[in-house]
Amino acid sequence: MNTNLVITGGRLVDGTTDKHLDIGIADGRIVELAQPGELALQGEVIDADGAYVMPGLVDIQVHFRTPGGEESEDIQSGAQGAALGGVTACVMMPNTVPTIDNVAIVEDVRALSLGAPCDVHSSAAITVNREGERLVNFKELYGVGVRVFTDDGWVVDSEALMRQAFLDIRDLPDAVLSQHAEESQMVEGGLINEGVVSRRLGLKGRPREAEALIVKRDIDLARETNGRYHVLHMSTLMALEHVIAAKLEGLRVTAEVTPQHLVLTEDDVERLGTSGKMNPPLRLLEDVEALRAGLICGDVDAVATDHAPHHPELKGTSLVTAAPGMLGVETMASVIWSEFVETGLMSPTDFVKRLSSNPAKIAGIKDHGNQVKVGSIANLAVFDPTQSWTVRGADLVSKSINTPWEGRSFAGRIRHTVLAGRPVVIDSSLVS
Ligand SMILES: [Zn+2]
């Protein structure tokens, strides 16, 4: 039984509104919005004084390593990190062991996420076992709620299969093909961005062109089939240019960028060590600058973290053997606020659009990222812009510690998170 909640003293920012309002919540829904101090509803008080109240954030690319990699993360630990990061809904990638490519596994994963402090949605693979040979049964998977299809970790190399996948999902509203866009022959054996750093370290690189090539090919297919297409963790200026052109044409194409690709470059890899290794890799300053400009003006639709925990045994080795990927879900809000809102580059309203409303729309998630109004489900985050903190991997709730932000301080932190009217984080701590 939910008790009534009242959120008082905050500035409500939901993509359309930006004003001080108190919020009354009962039975999981918003039942009242009132001028400060004028709520009629009584209930447990959540103090949002000096903070922003916004729709819960939505992270449409996380790896919670379930099934098969639970030594690095599981759905509960991943969802706890999400809640601490103000994320009320997320989309798990299907590159698990076994692969999430059939209805039974989707249902298993859903059962494990019941009661978690974040709504955990599962994507499913585009090809069986992500082997790039046979398409999954899109209709069946759609029937149990899957909206995002991706072979993430790997690209779908075959143009013919990708084309057929676009045709298969065409009549499924909100279904989308999300691509890890790196042409596989070009990046085979590649460890970091192909460039001066890879040459200096004598490491095989992953060329930037590998991304642009796939994004261009897929946009051509999306045009031909009127398909819905989303670029996962876009990392280059060239790919962004293709996405901008596709949007100008009116194609159904969207793109996300990770916090790390908006802040770090290949020059950070040596300092970060194995925590600086991911696919696609950290790129050049010109890429970072273009992606930042794209995020600010809206050419980049969303931020997503590619939250990729790896147990220290998989990560604490060398750049050559370490698994690729970085933590992100718990730190996303602080990184983006610090870099873009605190610095005056982006409004709080656009912050909400890029981290909540837009990703929810891309992934077909209905109850998150919405305008905060009477009747809607109370999925909310309260962000305190005055609370600065220093990230320590060991202090994050993830089972892994591979954060690229170790020792770095950020301005602003999630103070409270409310999931369907239930407080899951209060004063930056999990509610047990
Ligand atoms: Zn990926």
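If you're wondering where the values come from, they're calculated on a predicted model, not measured in any experiment.

How each quantity is defined
Residues numbered from 1 in each chain as written. Predicted model: local features only at pLDDT ≥ 70, side-chain atom pairs only at ≥ 80, totals over all residues. Heavy atoms only, no water. Pairing = 2+ DSSP bridges. Helix = DSSP H or I, 4+ residues; strand = E, 2+ residues; numbered from the N terminus. 1 Å grid on protein atoms, 1.4 Å probe; cavity = no way out; pocket = protein on both sides within 12 Å on 5 of 7 lines; lining within 4 Å. Points joined across faces, edges and corners; volume = space filled by probe spheres on them. Nonpolar A, V, L, I, M, F, W, Y, C, P; charged D, E, K, R; others polar. Buried < 20%, exposed > 50% of the residue type's maximum accessible area, 1.4 Å probe, protein only. Contact = heavy atoms within 4.5 Å. Right-handed = clockwise from strand over helix to strand, strands pointing away. Axes fitted to C-alpha atoms, helices over the stretch in contact; angles between N-to-C directions. Parallel < 35°, antiparallel > 145°, perpendicular 65-115°, else oblique. Left-handed = near helix turned anticlockwise from the far one by under 90°. Domains from an automatic or database assignment. Buried area = accessible area lost by both parts, 1.4 Å probe. Salt bridge = Lys/Arg side-chain N within 4 Å of Asp/Glu carboxyl O. Arc of directions from axis to C-beta. Polar contact = N/O pair within 3.5 Å; in protein donor to acceptor, adjacent residues only side chain to side chain. Core = buried A, V, L, I, M, F, W, Y, C linked by side-chain atoms within 4.5 Å.

### Quick word on the sheet that holds strand 3 (residues 18-20)
The sheet built from seven strands is open, its strands ordered 3-2-7-18-19-20-21 with mixed pairing. Strands at the two margins of the open sheet, each flanked by one partner only, are strand 3 and strand 21 (429-430). Relative to strand 7 (residues 52-55), strand 2 (residues 11-13) runs parallel, the two being bridged by two bridges. Directly across from leucine 12, in strand 7, lies its bridge partner valine 53.

### Some thoughts on empty space enclosed by the protein
In total, this model carries four cavities of 30 Å³ or more according to the counting rule given. Space inside the largest cavity adds up to approximately 60 Å³. Surrounding the largest cavity, Ile30, Pro55, Asp367, His368, Gly369, Asn370, Gln371, Val372, Ser376, Ile377, Asn379 and Leu380 form its lining. Residues belonging to the lining of the largest cavity are distributed by class as follows: five nonpolar, six polar and one charged.

### Let's talk about the environment of alanine 79
Summarising the element assignment, alanine 79 is placed in helix 1 (residues 75-84). On the accessibility criterion, alanine 79 (0% relative accessible area) is buried. Taking the C-alpha atoms as reference, alanine 79 lies 22 Å from phenylalanine 410; in sequence the two are 331 residues apart. Leave out the neighbours within four places in its chain, and alanine 79 touches Phe64, Ala116, Pro117, Cys118 and Val120.

### Considering the pairing of strand 16 (residues 253-257)
Two faces belong to every sheet, and in a regular strand the side chains alternate between them. The buried fraction of strand 16 is high, at five of five residues. By the alternation rule, side chains of strand 16 split into Val253, Ala255 and Val257 and Thr254 and Glu256, which are all buried. Relative to strand 16, strand 15 (residues 229-231) runs parallel, the two sharing three bridges. Bridge pairing in strand 16 links histidine 230 to threonine 254. For the segment spanning strand 15, helix 8 (residues 237-249) and strand 16, crossover handedness is right-handed. Looking at chain direction, strand 16 and strand 17 (residues 302-303) are connected through two bridges and run parallel.

### Topic: the packing of helix 7 (residues 209-225) against helix 8
Following both chains from N to C, one finds helix 7 and helix 8 inclined at 15 degrees, their axes separated by 8 Å at the closest point. As the angle between them shows, helix 7 and helix 8 are arranged roughly parallel. Crossing geometry of helix 7 relative to helix 8 is assigned as right-handed. Side by side, helix 7 and helix 8 meet where Glu209, Glu211, Ala212, Val215, Lys216, Ile219 and Arg223 of the first sit next to Met238, Ala239, His242, Val243, Ala246 and Glu249 of the second.

### What about the domain arrangement of the protein?
For the protein, the domain assignment lists domain 1 (5-53 + 375-430) and domain 2 (57-362). Spacing between the C-alpha centres of domain 1 and domain 2 amounts to 26 Å. Taken residue by residue, the interface counts 37 residues in domain 1 and 48 residues in domain 2. Roughly 3,300 Å² of surface becomes buried between domain 1 and domain 2 when both sides are summed, with 64% attributable to carbon and sulfur atoms. In terms of surface lost to domain 2, no three residues of domain 1 exceed Lys399, Asn402 and Trp405, which account for 21% of the buried area on that side. Taken together, the links from domain 1 to domain 2 amount to two salt bridges.

### Re helix 2 (residues 103-113)
Where helix 2 is concerned, the buried positions are Val103, Ile105, Val106, Val109 and Ser113. All buried residues of helix 2 lie within an arc of 165 degrees about the axis, which places them on one face of the element. The N-cap residue of helix 2 is asparagine 102: its side-chain oxygen and the backbone nitrogen of alanine 104 are 3.1 Å apart.

### Some words on the nonpolar core
The biggest cluster of nonpolar side chains holds 97 residues, and the ones touching the most others in it are Phe138, Phe149, Tyr229, Met234 and Phe351. Examining the composition of this core, we find that seven residues originate from one element, helix 13 (residues 332-341), more than from any other. Shared between two domains, this core takes at least three residues from each, and those domains are domain 1 (5-53 + 375-430) and domain 2 (57-362). Apart from the residues within four sequence positions on either side, phenylalanine 149 is in contact with Ala124, Ala125, Ile126, Val136, Phe138, Leu141, Tyr142, Ile169, Ala175, Val176, Leu177 and Ser178. Ranked by size, the runner-up nonpolar core spans 16 residues in total, among them Leu5, Ile7, Leu12 and Ile30.

### Looking at the layout of surface pockets
Empty space within the largest pocket amounts to approximately 750 Å³. Forming the boundary of the largest pocket are 37 residues, of which Asn95, Arg130, Gly153, Trp154 and Pro324 lie nearest the centre. Here the residues of the lining of the largest pocket sort into 11 nonpolar, 15 polar and 11 charged. Size it by volume and the second largest pocket reaches roughly 380 Å³. Surrounding the second largest pocket, 22 residues form its lining, Arg110, Asp119, Val120, His121 and Ser122 being those nearest its centre. Looking at the lining of the second largest pocket, the elements that each hand over two or more residues are helix 2 and strand 10 (119-122).

### Looking at the environment of valine 288
With respect to the element layout, valine 288 can be found in helix 11 (residues 285-297). Along the backbone, valine 288 and glutamine 260 are 28 residues apart, and their C-alpha atoms lie at a distance of 9.3 Å. The residues touching valine 288, leaving out its near neighbours within four places in the chain, are His261, Leu262, Val263, Leu264 and Thr265.

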